[in-house]
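Summary of the model geometry
Here's the letter readout for the chains.
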Amino acid sequence: MNAPFSPSRRDILKGTSALVVAFSLAGSRLEAFAQNAPAAAAKPVTPDQVDTFLAIDEKGAVTVYAGKVDLGTGVRTAFAQMIADELDVPFEKVSVIEGDTALTPDQGPTYGSQSIQNGGVQIRQAAATAKAALLEEAAKRLNVAKEDLIVTNGAIGARSSNQTVTYGELIGGKQFMLKLDPAAPTKKAADYKLVGKPIPRLDVPGKITGAFTYMQDFRVPGMLHGRVVRPPALGAKLTNVDESSVKQIPGVKVVREGDFLAVVADNEWNAVRAARELKSSWSKSETLPDEKKLWEHVRNTKIVKDDVTSNIGDTKAAMAAEGRKLSATYDFAIHTHGSIGPSCAISEFKDGKLTCWSASQATHNLRKQLAKMFSMPLDDVRCIYIDGSGCYGRNGHEDAAADSALLAKITGKPVRVQWSRADEHGWDPKGPPTLIDLRANLDTAGQVTAWEADFFIPQGAAGMVELVAASLSNMPTDTALSPGGIVQDSAIGYKFPNIKTVCRRLETTPFRPSWIRTPGRMQNTFANECFLDEIAAALNVDPLELRIKYTDPADTRGLETLKRLEKLSKWERRPSPQKNVTGNVVKGRGVSYVKYELVRTYVGAVAEVEVDRTTGDIRVTKFYVVHDCGQIINPAGVEAQIEGNVIQTVSRTLKEEVTFDRSMITSLDWASYPILRFPEVPEIVIELIDQPAEKPWGAGEPTAAVVPSAISNAVFDATGARLRSVPFKRDKVKTALQSA
Amino acid sequence: MTITLKVNGKSHEIDTDASTPLLYVLRNDLGLHGPKFGCGLGQCGACTVQVGGRAMFSCIMPIAAIGGREITTVEGLLENGKPNKVQQAFIDEQAAQCGYCIAGMVMRAQSLLQTNPKPTEAEIRQHMRPNLCRCGTHAAILRAVKRAAAA
Amino acid sequence: MRFRQVIFGIIAVVLLAVIGGYAWTWRPALAAISANQKPAADKQAVRLGAELAAIGNCADCHTTIGGTPYAGGRAIPTPFGTIYASNLTPDPETGIGTWSEEAFRRAMRDGVDREGRQLYPAFPYDHFTKATDADIHALYVFLMSKAPVKNSIPANQLDFPFNYRPIVAGWKVLFLREASLEPDPGKSAEWNRGRYLVEGLGHCGACHTPRNALGAERRNSAYAGGVAEGWNAPPLNAASLAAHRWTVDQLAEYLSTGWHKLHGAAAGPMADVAKNLGQASDGDVRAIATYIASLSQQPRTANNVPPTPRDNFVKNVSPEVAAIYAGACANCHNDRNDVGPSKAVSLGFSTAVRQADPSNTVRVIMHGIHAYQTNGGPYMPAFDGILTDRQIISLAQYVRARYTDQPEWTDVKKEIDKARREGVRP
Ligand code: FES
Ligand code: FES
């Protein structure tokens, strides 16, 4: 097969210049590459240069260098669309290189639904700058006015004559040596030909035929397979290793560095077996809180600071005023990322330099972390992104990278570390537990006069998450908590006269925290949008109507989203819960809405559920989403993201919860951490609002923010039972039903 | 120990420990990376291949157990180098996000349509139940299986 | 000869039925109630009824695969033919919509339907007869609160003479003891509650007590082990096969979650029982555990010392079966730890492997354990097809030899064929 499935950065690097573009022969193995990986070509990676983002070869093929990576979201295709359109070159002529610290700029980690919004827009700006320069040059060459020029398929022609000159002829293989002009004019909305179209993704055929090379498939000649033997308890010390317990397995070597224990073997199955069978003893360690008292533990954790995320009017006075007071406490369980493919990485030390292949969403950060861990100059570390299994935040990829780097250092050979399922469930950083108190005052006229909220969440932001291998082996690493920007969406956008929302930042949290898809925003929106529903019920008004009432009238896009949602979901205005329900299985519908982080993508959602009042089982049968993320680059890609957000978050909301005893996580596989399976998947109905003249905003996360609250509100509508604790497991549902 | 395996229509002599699960042999000895490692426990279906015409978890199938049964991986579904009907339906529906689960999904769907060419929605969902997807591609996968059944 | 005994037994029963039993057990039809006479759906009673129905495992028999709970129609195989479970939803035509509470109570206690027809003892009224009026009331209110489902139940397919309903009257004369249980003052309230539930609504003996030729539980061998849908229901009495003693705590956890880390998973029909008991109140499950634990007077092992699973490290096994075990089983049944992934315990703890016949071991290997997949819990992949029959046989014998002190099984193949004929329990 020689379909141009995915351009491969390895093949690109095989060439003498970084700008020679080749397409991989799908199915060809890439083992040969690593050895001849040349030192990075002299190419700028600073964000102020056009050459950082773009190269055009003699044949006019365009290479895009993206700091943001495709985590299965389709941004690779979207980037190609944006750039092909901006430059007026055929889509097939554009290929994208991502996340190679030697070649691509540091555009920040791939998170927060920013790949298009920031990453793509920046590259588009580089393309616009390049195009302006190319037109300038063509005008000179063809001796016509710039205004007389028109670009078709990468060829610049003059309207007044039939002369043309191609991009390849103008710049082919050379660098632009241009500063990126943030003011360079981009195309007008009406002129886009590829942007806004559901262009099929570049990587999909290879993924479906098995030809695509994932991180987990990548191989380096001479490499060993490594498996780490994890402590049975967090904080346990390694007291003894009985190497003879694996002596019957051929080719196995036991590696120990402090409390870091691993095996390497040239045969992968032998490494798996050796890790399974190696006898080791560890000290007892019980550092975790009692799972049954998790929320008491969170509430009693020391608060190191308060972040006030909104403060409007005077809630103290407004809460003290006469009126009907509502208060409620919400909590949201600890979640694991749960990629279907456990984390994997390969590292190699050669001539004192470290190369690490990883599916990390932030190779530039990983590079810094590895340099720190091994006390090496940054320039001696190169991290290269290869697509992995879906990545929904800072999961185990960086840790697998550190494992492999440490093993490569010790063994002197390239080492591939493939995490086990238990490694992934037990040792990736977790979405921290979130506890939220909400209070409101309602006056006799049915107005919300005050809204107060306290969010009990760990301190820290998105940064560098401590590397497990470094801590176990006592090597330098970052130790500050990095749960992500979890204060986002704690403030609310509704126009109440008095609002105060405070994030009470906790000193610690039970597990190493990190961001998982829609970090903080999901938890915070869950509480906010459910509590708003509680207010609607208390006022005996329709919950969608209440949202419209308190949306800023000037926010026309928000109101449009809600209006379209009402129509799409055939919403009947009435207060919840519904009256006169009979039978065991009852139906309801709930609404939720968010303007993401108060400044970008709008999402309105309606969930339809069935609740079995005997068993406490909830089924989400249908889910409606209306979505406005500004200019849509690829509607098919946006829809796929929305569907993914809904399904993944239905799973998180109904089922998911990390369990643990005093020593260690006990939900170490899919049997103990079940996720949604096919029979439970809801039908999803989506309406996209395209705004071709607006900025493109992210779509990778916002929908997830509204899912838990829409479901909780629907359950309330069906049964009168209010679910304030994610996940909505049977026992909790039954308890709520009893007090309904 | 040398074991002969018939994979995608070709015979291969494999010299490795007889306890090795088929998945590792396919990926490491034969370079067939379609079948994926997801759990190694028969819980997720990422490793699904056909053995003797039936969809099975290759991660818990030691090669000692295979005997003369023929193995088909997602690579083996190609017809004259082109995606087969099920694969094409997945491509047409763009039924992949990260795609890590997808080769297993294709193999699971293939086995359904071989035995039940016109499945109902409920039958599809039930049949696909052993396979997990974390990206939430289920809706697109269901469309793809229906498309393949209609093709 | 057994066959003769059966024939004589049948003749005797028929005679009894005709002569005395029929008159003695004859019951009139009871008046039908109309829709507005349905009991009010009192929340308290509905909740209690739901919990008791869970303990009684009612939904299991009275629901078809994928059907509406309690709408009936499930085929119950018996040695005498197939019986179809009735529709317990309050549909006036096909369910119990016209049944008064009195009619319902009579069915539970005497095994007679509203119209006065004898009910076959596949419906375990020999146990339910012990239920109190209050509990029967709650069950009645619970069932009548359900949405009515129209579902006509197929006619039973029983062999002659069992298809002749009055014969049941004779069976009752011989085996039905209508009596409530008097509390044993020498025992704790919890034990007494447990006994009431186990002997009554829980009808544990229906599976765990062996039955005589006429399908009645053998009273003098109570809880000595029985069969259920091809599965072995292990003895709960002193003959318990457990590798080590069950404590009340362990039983309570096992009964409500289907799993305990020192004993393993509930599989087959017991998985459904555990799923249902997960819906019952914690107090009742504990009471059941208390009573069951008292049935087996196994010696108490030293407290708090987790037992070490047996492993005979058998030598001289075929390389094939050793490889299959290492490649297919050992990833979960990890002998270094008590509990591996999927909540798999060391097979040294498995009761199935210790049983005199291989029916449970074979069924678990072939069909796996999927009962808990939706909500999380023990799981085992199905190996039928992954392994050939010959491999399953040698694997079963291998784990038997390696993890128990019991002799080799005979005729594993027959059990495999039987399990395949029965099909997979969903
Ligand atoms: S990898 Fe085989 S089922 Fe998960
Ligand atoms: S597409 Fe990513 S796991 Fe299924």
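Residues numbered from 1 in each chain as written. Chains lettered and ligands numbered in written order. Predicted model: local features only at pLDDT ≥ 70, side-chain atom pairs only at ≥ 80, totals over all residues. Heavy atoms only, no water.

Taken together, the contact pairs 60 residues of chain A with 56 residues of chain B. Of the roughly 4600 Å² buried where chain A meets chain B, counting both sides, 58% is carbon and sulfur surface. When the buried area of chain A at its contact with chain B is split by residue, Ile208(A), Ile340(A) and Phe678(A) rank highest and sum to 20% of it. On the surface where chain A and chain B come into contact, there are 5 salt bridges. The closest approach of N and O atoms between Glu656(A) and Arg134(B), which form a salt bridge, is 2.6 Å. Where chain A meets chain B, there are 33 residue pairs in polar contact (both at pLDDT 80 or more). (Contact = heavy atoms within 4.5 Å. Buried area = accessible area lost by both parts, 1.4 Å probe. Salt bridge = Lys/Arg side-chain N within 4 Å of Asp/Glu carboxyl O. Polar contact = N/O pair within 3.5 Å; in protein donor to acceptor, adjacent residues only side chain to side chain.)

This next bit is on the domain arrangement of chain B. All names here are of chain B. The domains assigned to chain B are domain 1 (2–73) and domain 2 (77–150). Centre-to-centre separation of domain 1 and domain 2, based on C-alpha positions: 20 Å. The interface of domain 1 with domain 2 comprises 15 residues on the first partner and 12 residues on the second. Linking domain 1 with domain 2 are 0 salt bridges. Breaking the side of domain 1 that touches domain 2 down by element, the ones donating at least two residues are strand E3 (48–51) and strand E4 (54–57). Considering every element that reaches the side of domain 1 that touches domain 2, the biggest residue donor is E3, with 3 residues. Class assignment for the residues of the side of domain 1 that touches domain 2 results in 6 nonpolar, 8 polar and 1 charged. (Domains from an automatic or database assignment. Helix = DSSP H or I, 4+ residues; strand = E, 2+ residues; numbered from the N terminus. Nonpolar A, V, L, I, M, F, W, Y, C, P; charged D, E, K, R; others polar.)

Our next topic: empty space enclosed by the protein. All names here are of chain A. Taken as a whole and assessed by the stated rule, the structure comprises 8 cavities of 30 Å³ or more. Estimates place the volume of the largest cavity at around 540 Å³. If you trace the largest cavity, you find 36 residues lining it, with Thr 73, Val 75, Gln 641, Ala 699 and Gly 700 closest to the centre. Mapped by element, the contributors of at least two residues to the lining of the largest cavity are helix H4 (75–87), helix H5 (115–142) and helix H18 (635–654). (1 Å grid on protein atoms, 1.4 Å probe; cavity = no way out; pocket = protein on both sides within 12 Å on 5 of 7 lines; lining within 4 Å. Points joined across faces, edges and corners; volume = space filled by probe spheres on them.)

Here we come to the nonpolar core. Formed by 222 residues in total, the largest nonpolar core has its most connected members in Leu370(A), Leu5(B), Leu22(B) and Phe90(B). With residues up to four places along the chain from it excluded, the contact list for Leu22(B) reads Leu5(B), Val49(B), Val51(B), Ser58(B), Met61(B), Ile63(B), Ile66(B) and Ile71(B). Residues Val448(A), Tyr550(A), Ile684(A) and Val715(A) belong to the second largest nonpolar core, which totals 87 residues. (Core = buried A, V, L, I, M, F, W, Y, C linked by side-chain atoms within 4.5 Å. Buried < 20%, exposed > 50% of the residue type's maximum accessible area, 1.4 Å probe, protein only.)

Residue and element names in this part refer to chain C. Each assigned domain of chain C is listed with its residue range as follows: domain 1 (18–175), domain 2 (192–304) and domain 3 (319–422). Facing the 23 residues of domain 2 at the interface are 21 residues of domain 3. Carbon and sulfur atoms supply 61% of the area that domain 2 and domain 3 bury against each other, a total of about 1800 Å² over both sides. In this assembly, domain 2 and domain 3 are joined by 0 salt bridges. Linking domain 2 to domain 3 there are 8 residue pairs in polar contact (both at pLDDT 80 or more). Of all elements in the fold, only strand E5 (231–233), strand E6 (259–260), strand E7 (264–265) and helix H11 (269–277) reach the threshold of two or more residues within the side of domain 2 that touches domain 3. The class makeup of the residues in the side of domain 2 that touches domain 3 is 12 nonpolar, 8 polar and 3 charged.

All names here are of chain A. Ordered in space as E9-E10-E7-E17-E14-E15-E16, the 7 strands form an open sheet in which the pairing is mixed. The strands lining the two open edges of the sheet, one partner per strand, are strand E9 (253–257) and strand E16 (381–385). If you compare each strand with its neighbour and ignore which way they point, the axes differ by 25 degrees on average. Against the sheet, helix H11 (residues 363–373) touches strand E15 (353–358) and E16, its axis set at about 145 degrees to E16. (Pairing = 2+ DSSP bridges. Axes fitted to C-alpha atoms, helices over the stretch in contact; angles between N-to-C directions.)

Residue and element names in this part refer to chain C. As enumerated under the stated definition, the model contains 91 salt bridges over all chains in all. Across the pair Glu 101 and Arg 105 runs a salt bridge whose closest N-O atoms are separated by 3.8 Å. Taken together, the residues Glu 101 and Arg 105, both in helix H4 (residues 101–110) and 4 residues apart, mark about one turn of the helix. Since its relative accessible area comes to 22%, Glu 101 is described here as partly exposed. For Arg 105, a relative accessible area of 25% corresponds to the partly exposed category.

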